[in-house]
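# Coordinates in review
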Amino acid sequence: MALSPVKSCTPRTRVLSAAILTQFSTPKAAKPLANHISTPECFSNVFLETPKGKRRASKEKCDEECNLRVSVRIRPMNLTELNVVGSEDVIRVKEKQIIVCPPKNSHSGTSVDHTFNYDHVFWSVDESSPLFAKQEDIFLTIGVPLLNSAFKGFNACLFAYGQTGSGKSYSMMGRNICEVSDIDSQDFAGITPRFCKELFKRAGELQSEYTISIEVSYFEIYNEKIHDLLANPAQSSARVPLKVREHPTLGPYIVDLTSHTVKSYTELRDFLILGNKNRAVASTAMNDFSSRSHSIFAIEIGQSKSLDDTDSCRRSKVSLVDLAGSERLGTSLNNEERMKQGVCINKSLLTLGKCISALAEQKKNQFVPYRDSVLTWLLRESLGGNSLTSMLATISPSSTHLDETLSTLRYACQARTIVNRARINESPHDRLIRELRLEVERLKALRKDYERRSSLSPQSETLSFNESSEVDDIKVKLVETESKLFEAQQMWEQRFMESRQNQLKELAEAEKCKAELESKVRILRTANQQVSLSPYKTNFLEELEGVLTYESECESDLLDSFKQCCSDQGLICTFNSDTLKIMDPVTRKYALVPLNNLNLQKYENFSDYLKGLKWMNNSAPKGATKAEIVSSMNDIFKILGNLQPPDEDNNLSLLYARVNKTLQKFESALLNNVKSSKTVTFHLDT
Ligand SMILES: Nc1ncnc2c1ncn2[C@@H]1O[C@H](COP(=O)(O)OP(=O)(O)OP(=O)(O)O)[C@@H](O)[C@H]1O
């Protein structure tokens, strides 16, 4: 009896004979990968099946338990493969099934056909065939569901696995990944740029309801070292390997990895291209192991709703991973020599295999060696935890890579048995509200159903005694749940208002500090200009002392007019908390007036008041040396230089704090000067 023909997607379509097709189900608790590597020769065909991908939402619809979704893509043969004598296409595709049919003269030690089942199979061998899977098809099938999950608040991860040159980067990023035209191209763009474009499209659609924030980071792992692909190349630290640390609640994180907030697709795309270029430069500068490094592009999406809707805040993280080529790992698990080599070349990939094996066993308390490599440590949640994860295995159709292809397909098959439990990332309170809402909806639906049934036959006898008491129960439960929901919402609003008020307070404080510092910065700039213009003519210290002294709080309109009068007469008038100081810069004389003795209203003409003052000779202040003051000033100006242009990140407040501290230091040096009695006239080195 002939089995239905394999899709006529390959030139030499084969018909498999059911009589010789022996089926093996991958055991639920899969044995270690090593046990699957050699296909027993006693079977003419091997059918390797994994459990059907399950995706089960828990009753609260907040958690999703699902298998790691596995897809396989077959790329076209390249010229080298086509030119190898005797090389042939060994892959047949039948819907979600891949059949590997080794050539009869195969040296690989296996001549039996192998059948594998996956969630999706993409056949991209012959563009002219209607069955050809385009870049867009791959994105629509595996990229869009990940995006949907991310918008629901789930973490999501997609990683591409396969031997070098099998098409991982092509599928993930596209062709010519450093070129804008290709990254944006409808034909060649890979999953990552398409994902980013769609992400902004959706964010735009949701923006009337939600505030959406998007942050990206991009790094690579080579030889267990992490390099930030978006670090500023001007900084010498750009190629310094970064460290991973474990946060008690947030899990592993990379210390000092740059993260960039992006507001548009174009901005994001530029980061993507920058990272790709940095990756390319690094690979040629450091080694020729471009295929031996893993790259991870991570996107964090924050969504928050306004106060009147308590559906609130969600954060999800999407990791798009292009793994190192797996060719050396192929048979490493049953060959010790190879295994050693694999460890040296790529510990991460080897550990990934071990983690997948351990997770596939699905034993309770099974030890999974996540921490044995940087990659698995960082992807811990994606592999066996809170994430909806997909794997894209890429293979070549050529018989020249038969061993590698079989190894990749087995690896992918095993990965498919991993079950993750993803949670919506939200606060426990938000979760409670959502669960209560769902419960209210469920009860309402039940009540409605009973009501509908009883209204169909008005005789109440149609509802049995049991049913009637159930209806009563539902009514009571509904009232209770609604009141719990109401309470939870009230609490939420109260909590929100409190935190908002605190935030506003802090903001006002910060604004005050900022304004104060900005005024000091302005004053210093002006003072500096004056000094530069006439370095030796100005007694810079005295002038500066004047402008830096705190203004009196008793300042009034009257004081303002008084100050104006002083200034009209060429005098400098300054206040501190209790004293008014008037100085004549020409004669260097000054007068001090305690503010509590000052009664300006008595005077019709301030000039009379000024004349009547007791003028003293100004003695030159000493105390701080010129070198000390110059160095303080240089510090200040260095920091001031950094303030341009001010931007709104957290560093700004830090910077202001530093400026403030330096100014205080300078001020106290200045006051010491004033207390002693010698003038220091100096030239400011800027
Ligand atoms: N589906 C495809 N269609 C057309 N060309 C492809 C396809 N997949 C891969 N290629 C081509 O094959 C070559 C190798 O692909 P790619 O660089 O994506 O492999 P890779 O698995 O990422 O390799 P490595 O592990 O060395 O980084 C590239 O020239 C790429 O353009």
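An unreviewed UniProt entry annotates the chain as Kinesin-like protein of Dendroctonus ponderosae. Taken verbatim from the UniProt record of the chain, the Sequence similarities (unreviewed entry) comment is "Belongs to the TRAFAC class myosin-kinesin ATPase superfamily. Kinesin family."

### Quick notes on the overall build of the chain
Regarding its fold elements, the chain presents 19 helices and 23 strands. The buried share of the chain, taken over its 686 residues, is 47%. A separation of at least 24 residues holds for 70% of the contacts in the chain among residues at least 6 apart in sequence. Accessible surface, the chain: about 35,600 Å² in total, of which carbon and sulfur atoms supply 52%.

### Structural notes on the packing of aromatic side chains
Throughout the structure, instances matching the rule amount to 3 aromatic pairs. Centre to centre, the rings of Tyr161 and Tyr411 are 4.0 Å apart; their planes meet at 5 degrees, and the pair counts as stacked. Here Tyr161 is found in strand β10 (residues 156-162), whereas its partner Tyr411 is found in helix α12 (residues 402-415), with 250 residues between them in sequence. Classification of Tyr161 as buried rests on a relative accessible area of 1%.

### What about the pairing of strand β21 (residues 579-584)?
Most of β21 sits out of view: 5 of its 6 residues are buried. Note: β21 against strand β22 (residues 589-594), 6 bridges, orientation antiparallel. Paired with Leu580 across the two strands is Val593, which belongs to β22. Hairpin connection, β21 to β22: the antiparallel pair is bridged by 4 residues, and Arg588 has positive phi, about 65 degrees.

### Regarding the packing of helix α9 (residues 347-361) against α12
Orientation of α9 relative to α12, taken along the N-to-C sense of each, is 45 degrees, at an axis distance of 9 Å. One element, α9, and the other, α12, form an angle in the oblique class. Viewed along their axes, α9 and α12 form a crossing whose handedness is left-handed. The residues of α12 that touch α9, namely those facing Leu349, Leu352, Gly353, Ile356, Ser357 and Ala360, are Tyr411, Gln414 and Ala415. Among the residues forming the contact of α9 with α12, the class breakdown is 6 nonpolar, 3 polar and no charged.

### Topic: the nonpolar core
Counting residues in each nonpolar core, the largest one holds 52 residues, and the members touching the most others are Ile98 and Tyr118. Of all the elements, α12 adds the most residues to this core, at 7 residues. If sequence neighbours within four positions are ignored, Tyr118 has contacts with Val70, Val72, Lys96, Ile98, Leu409, Ala412, Cys413 and Arg416. Ala160, Leu229, Val262 and Ile301 belong to the second largest nonpolar core, which has 39 residues in total.

### Describing the environment of Glu127
Among the secondary structure elements, Glu127 is positioned in the loop between β9 (120-123) and α3 (135-152). A C-alpha to C-alpha distance of 8.6 Å links Glu127 and Pro76, two positions 51 residues apart in sequence.

### Quick notes on the pattern of salt bridges
Across all of its chains, the model carries 10 salt bridges by this definition. Shared partners join several salt bridges into a network, and the residues in it are Asp184, Arg269 and Asp270.

### Things to note about the UniProt feature "binding site: ATP" (unreviewed entry) in the chain
Mapped onto this structure's residue numbering, the UniProt feature "binding site: ATP" (unreviewed entry) falls at Gly162, Gln163, Thr164, Gly165, Ser166, Gly167, Lys168 and Ser169. Along the chain, Thr164 falls in the loop between β10 and α4 (168-172). One can find Ser169 in helix α4. Look at Ser169 and you get partly exposed, because its relative accessible area is 33%. Ignoring anything within four residues of it in the chain, the contact list for Ser169 reads Gly174 and Asp322.

### Re unusual backbone geometry
Peptide bonds are trans in most cases, and residues, glycine excluded, mostly fall at negative phi. One non-glycine residue, Glu95, lies in positive phi territory at about 50 degrees. Inspection of the secondary structure puts Glu95 in the loop between β6 (91-94) and β7 (97-100).

### So, the packing of α3 against helix α6 (residues 191-206)
At a closest axis distance of 9 Å, the pairing of α3 and α6 adopts a crossing angle of 45 degrees. As the angle between them shows, α3 and α6 are arranged oblique. For α3 against α6, the interelement crossing comes out right-handed. Contacts between α3 and α6 pair Gln135, Glu136, Ile138, Phe139, Ile142, Gly143, Val144, Leu146, Leu147, Asn148 and Phe151 from the former with Ile191, Arg194, Phe195, Glu198, Leu199, Arg202, Ala203 and Leu206 from the latter. Classifying every residue of the contact of α3 with α6 gives 12 nonpolar, 3 polar and 4 charged.

### Re the confidence of the model for the chain
For the chain, mean pLDDT is 70; residues scoring 70 or higher make up 59% of the total. Looking over the chain, one finds the lowest element-wise mean pLDDT in strand β1 (residues 23-25), namely 27, and the highest in β9, namely 95. Overall, residues 328-335 carries pLDDT values under 50, and its contacts beyond four positions in sequence, including any with other chains, amount to 19 contacts. Scored below 50 in pLDDT, residues 674-686 shows 45 contacts in the model against residues more than four places distant or in partner chains. For this predicted complex, the interface confidence score (ipTM) comes to 0.98, while the overall pTM stands at 0.59.

Parameters and conventions
- Residues numbered from 1 in each chain as written.
- Predicted model: local features only at pLDDT ≥ 70, side-chain atom pairs only at ≥ 80, totals over all residues.
- Heavy atoms only, no water.
- UniProt positions renumbered as here; feature names shortened; annotations may be inferred.
- Helix = DSSP H or I, 4+ residues; strand = E, 2+ residues; numbered from the N terminus.
- Buried < 20%, exposed > 50% of the residue type's maximum accessible area, 1.4 Å probe, protein only.
- Contact = heavy atoms within 4.5 Å.
- Areas by Shrake-Rupley, 256 points an atom, 1.4 Å probe, with all protein chains shown as cover.
- Phe/Tyr/Trp six-rings, centres within 6.5 Å; stacked < 30°, edge-to-face > 60°.
- Pairing = 2+ DSSP bridges.
- Axes fitted to C-alpha atoms, helices over the stretch in contact; angles between N-to-C directions.
- Parallel < 35°, antiparallel > 145°, perpendicular 65-115°, else oblique.
- Left-handed = near helix turned anticlockwise from the far one by under 90°.
- Nonpolar A, V, L, I, M, F, W, Y, C, P; charged D, E, K, R; others polar.
- Core = buried A, V, L, I, M, F, W, Y, C linked by side-chain atoms within 4.5 Å.
- Salt bridge = Lys/Arg side-chain N within 4 Å of Asp/Glu carboxyl O.
- pLDDT = per-residue confidence, 0-100.

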